[in-house]
Amino acid sequence: MTKILLVIERDLRSLMQQKSILLMRWFYAIVQIGIFGLAISRIITVMQNYYTYYAMGVIVMTMYSVAIFTGYEIYDEADLGYTEYLLSIPLTRRELVLGRSLAGGIRSLVFMAPIIAGFMFLIGIVDPLRVGMALVALFGFTFGVSGLSITLAVGLKSGDKFDIIMGALDAFIVRLSSALYPQAFMPKPIAILSTFNPLTYAADLFRWSLNFNIHFLANPVTSLIVLVIFLTTFNVAGVAIYERNLEGASWR
Amino acid sequence: MIHGVIAVVEHDLRVFFKYRFTLAGLISMNLADLLIMAVVYTRMVSFNYFQFLAPGVTATGLFAAAFVIGREVNMETRRGYNEYLLSLPLRRSELVLGRMTAGGLRGIIYATPLLILAMFILKFPTPPQFGLMLFAMYLLSTGISGLAITLAVALRGFERFTTARSLLYLFLIFCSTVFYPLTVLRTILPGSLILFAQLNPLSAVSDLIRGYLIGVPPVTAQSWTELLVFSGAFIIAGAGLYRVAIERSVH
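Bear in mind the structure is a predicted one, so any value in this text is a computation, not a measurement. (Residues numbered from 1 in each chain as written. Chains lettered and ligands numbered in written order. Predicted model: local features only at pLDDT ≥ 70, side-chain atom pairs only at ≥ 80, totals over all residues.)

A. Fine view of the overall build of chain B. In terms of regular secondary structure, chain B is built from 11 helices and zero strands. Along chain B, from the amino end to the carboxyl end, the secondary structure elements read α-α-α-α-α-α-α-α-α-α-α. For 251 residues, the compact-globule estimate of 2.2 N^0.38 gives 18 Å, and the C-alpha radius of gyration of chain B, at 18 Å, lies within 12% of that figure. For chain B, the spread of C-alpha atoms along the principal axes amounts to about 60 × 40 × 35 Å. Put simply, of all contacts in chain B between residues at least 6 apart along the chain, 81% involve residues at least 24 apart. (Helix = DSSP H or I, 4+ residues; strand = E, 2+ residues; numbered from the N terminus. Rg over C-alpha atoms; globule rule 2.2 N^0.38 Å. Contact = placed C-beta atoms within 7 Å.)

Below, the structure written as C-alpha cells:
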C-alpha cells in the first residue's frame, strides 16, 4: 500500500509540473460552460434547465481528458528512456499500474475540485451525502479512464497510433454519450451507441447525485454497475498488458 | 520570385501530408461535430441546426488545418532550422510569401471536402458562388497561417505556443457565429465581445458560406468588406512579423 501511495504522490507531483496545459484545460472548461453552454441553452427549446445539464457534462468531459493524460505521460517516459528506471525500482508491475490509475483518478478530482466546488455552490448543493456521491461517481469513472489510457498506451506501444486513437475516441466518446445531450433526444442509432459508453453513465450518475431531473438520466443503479465493470476491466487489463508489454525497447 | 515561392509552397504541402495523424484527428472531430452533435441538437432546437452548423464546421476545419503550419514553424525555430531556411538561395520575401501561401492552400485542401459535404446537405451553388466561397476560405486560411507562423516564431517555447494557440482557438471559435447565430451571442456577451464576434473572420466566412448556400444571413458588400479588412490585416501583420521574427530567432 505504501508503495502505491508513493506512485500516487509522484504522479500528482508530475501533474503539477504541467501548469500551462492544465490551466488551459481549466480555461477551456470555463469558456465552454460560460459561452458555448450559455449560448446553446438559449436556443434549446425542449428542456428548461439545459444549461445546468450541460455544465455537469462539461465537468465530467474535462475530468475524462485529464485522466487520459496518464497515457501520454507513459509515452514521454518511454521517449526519455525513463521506463527502464521505473522497471528497476522495487515495485511490482501491479503496484505501479494500480498506483498510476488511482493517481489518474485523484489528479482529475484535484484538478477539477475548484470548478466542481464553485458549480455546486452556484446551484445550491451543500448536502454532504450528495456531494460525496457525486465525487465517488467522478472518481470511479476517472480511475477507469486512467486504466483505459494505460492499457492502450502500453498495448499499442506506438505514440502515433495512441495519438490518433485517443483523438478519435475523444471526438466520438464525448459526442456519442449523454455528456452533452440526454439520450431521450438522440436518434435511435446514436442512443444505442451511447448505451455502450461509460461516459454516459458517469455523466448521468454525477447529475443524479446532484439532484438533476431523473427523467433525462440513465438509471443510477445501472450506471453504478457499468462504472464498476468499466474500472475493473480496464485496470485488470492494464495490469496484465503492463506486465507483459512494458519490457523491451519496442516503443515507436 | 515566383520560382522561389513555388519551391517553398511545394515543400510545405509535402510536409502537410506527413501530418496524417493530426489530420485524422481533425477529421474525426469535425465529422463528429456535424454528423452526431448537430444531428442531436437539431431535435432539441426550433430550427435545423444540422444545416446551420455545416458551414460552421467548414470554417473550423479550415482554421485548424491552417494553424498546423504554426506547430511546424515552432518546431523549426526550436531546432535551429531557421538558420538553414535563411541560408537558402531565397529572398526573405519569397520565403514569407511561400509559407503563407502554403498555409492558405493547406486550409483549402483540408476544408474543401467539408465544403462539398455542406453543399450536399444544403444546396449546390452556382460556379461563381463556389469560386467566391473558395476565395473567402483562402483569405481566412492565409490570414490564420500568418497569425500561427508569427506566434510560433515569437513564442518559441512549445508550451507557450500551444497555450497561445488554445487561447486563440477558444476566442476565435466560441466568440463567432460558427456554432450559434449572432442574435444569440447578443443576449449573453458584453458589447466588446459582440463587436469581436461580429468582426471575427471566422464569423464572416461561416456567414458567407451560409449566405451562398441557404441565403441566410444574406451576403452583402459589408460581409465581404469585413472579411477582406480583417483577413488582410492578419495577412499583412503575419507576413511582416514573420520576416522580423525569423531573423531575430537566429541571433
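This is not the end of the story, as more comes after the structure.
B. Representation of the overall build of chain A in the model. For chain A, the helix and strand inventory stands at 10 helices and zero strands. Listed N to C, the secondary structure of chain A is α-α-α-α-α-α-α-α-α-α in terms of helices and strands. Computed over the C-alpha atoms, the radius of gyration of chain A is 18 Å, within 12% of the 18 Å expected from 2.2 N^0.38 for a compact globule of 252 residues. With respect to the principal axes defined by its C-alpha atoms, chain A has extents near 55 × 40 × 35 Å. Counting only contacts in chain A whose residues sit at least 6 apart along the sequence, the fraction spanning at least 24 positions is 80%.

C. Region of the structure containing the environment of A:Ala137. Residue and element names in this part refer to chain A. Of note, alanine 137 is situated in helix 6 (residues 128-156). Taking the C-alpha atoms as reference, alanine 137 lies 30 Å from lysine 157; in sequence the two are 20 residues apart. With near-sequence residues (within four places) excluded, alanine 137 lies in contact with Ala202, Leu205, Phe206 and Ser209.

D. How the structure looks around the nonpolar core. Counting 153 residues, the largest nonpolar core has A:Val60, A:Ala202, A:Phe206, B:Leu62, B:Phe63, B:Ala148 and B:Val205 as its most contacted members. If one sorts the elements of this core by residue count, helix 3 (residues 50-79) of chain A sits on top with 18 residues. Setting aside residues no more than four positions away along its own chain, A:Ala202 makes contact with A:Val60, A:Ala137, A:Phe141 and A:Leu227. (Core = buried A, V, L, I, M, F, W, Y, C linked by C-beta atoms within 7 Å. Buried ≥ 20, exposed ≤ 12 C-beta atoms within 10 Å, placed from the backbone.)

E. Quick look at the confidence of the model for chain B. A residue-level look at chain B finds 98% of positions with pLDDT of 70 or above and a mean pLDDT of 87. Within chain B, helix 8 (residues 182-188) of chain B carries the highest mean pLDDT (92), whereas helix 7 (residues 158-174) of chain B carries the lowest (82). (pLDDT = per-residue confidence, 0-100.)

F. Structural detail: the interface of chain B and chain A. Contact residues are listed per partner, giving 27 residues for chain B and 29 residues for chain A. Ranked by the residues each element gives to the side of chain B that touches chain A, the list is headed by helix 2 (residues 20-42) of chain B, at 11 residues. Among the residues forming the side of chain B that touches chain A, the class breakdown is 19 nonpolar, six polar and two charged. (Nonpolar A, V, L, I, M, F, W, Y, C, P; charged D, E, K, R; others polar.)

G. Unusual backbone geometry, seen in detail. A cis amide bond, omega -5°, links B:Val216 with the succeeding residue B:Pro217. One can find B:Pro217 in the loop between helix 10 (201-214) and helix 11 (221-248). In this structure, A:Asn211 is a non-glycine residue whose phi angle is positive, near 70°. Residue position: A:Asn211 is located in the loop between helix 9 (198-209) and helix 10 (220-245).

H. Highlighting helix 6 of chain A. When the terminal C-alpha atoms of helix 6 of chain A are compared, their 42 Å separation across 29 residues agrees well with the 42 Å that a helix rising 1.5 Å per residue should span. Trailing helix 6 of chain A by a residue or two, A:Lys157 shows a phi angle of about 55°, which is positive. (Expected span 1.5 Å × (residues − 1).)

I. Focus on helix 6 (residues 127-155) of chain B. Taking 1.5 Å per residue, 29 residues should reach 42 Å; helix 6 of chain B reaches 42 Å between its end C-alpha atoms and fits that length. Positive backbone phi, approximately 60°, marks B:Arg156, located one or two places after helix 6 of chain B.

J. Representation of the packing of helix 5 (residues 93-123) of chain A against helix 6 of chain A. Residue and element names in this part refer to chain A. Running from N to C, helix 5 and helix 6 point in directions that differ by 140°, and their axes come no closer than 8 Å. As judged from the angle between their axes, helix 5 and helix 6 are oblique. Seen along the crossing, helix 5 lies across helix 6 with a hand that is right-handed. Residues Val97, Arg100, Ser101, Leu102, Gly104, Gly105, Ser108, Leu109 and Met120 of helix 5 form the contact with helix 6, whose own contacting residues are Val131, Leu135, Leu138, Phe139, Thr142, Phe143, Val145, Ser146, Gly147, Ser149 and Ile150. Among the residues making up the contact of helix 5 with helix 6, the classes are represented as 11 nonpolar, eight polar and one charged. (Axes fitted to C-alpha atoms, helices over the stretch in contact; angles between N-to-C directions. Parallel < 35°, antiparallel > 145°, perpendicular 65-115°, else oblique. Left-handed = near helix turned anticlockwise from the far one by under 90°.)

K. Focus on the environment of A:Val154. Considering the arrangement of structural elements, one finds A:Val154 in helix 6. Along the backbone, A:Val154 and A:Met1 are 153 residues apart, and their C-alpha atoms lie at a distance of 23 Å.

L. Spatial organisation of the environment of A:Ala117. The topology assignment puts A:Ala117 in helix 5. Its 11 C-beta neighbours within 10 Å are what place A:Ala117 among the exposed residues.

M. Seen up close, the packing of helix 6 of chain A against helix 10 of chain A. Residue and element names in this part refer to chain A. One can describe the packing of helix 6 onto helix 10 by two numbers: an axis separation of 8 Å at closest approach and a directional angle of 30°. Our classification of the angle between helix 6 and helix 10 gives roughly parallel. Between helix 6 and helix 10 lies a crossing whose hand is left-handed. Only Leu227, Phe230, Leu231, Phe234, Asn235, Ala237, Gly238, Ile241, Tyr242 and Asn245 of helix 10 make contact with helix 6, whose side of the interface consists of Gly140, Phe141, Phe143, Gly144, Gly147, Leu148, Ile150, Thr151, Val154 and Gly155. When the residues that make up the contact of helix 6 with helix 10 are grouped by side-chain class, the tally is 12 nonpolar, eight polar and no charged.

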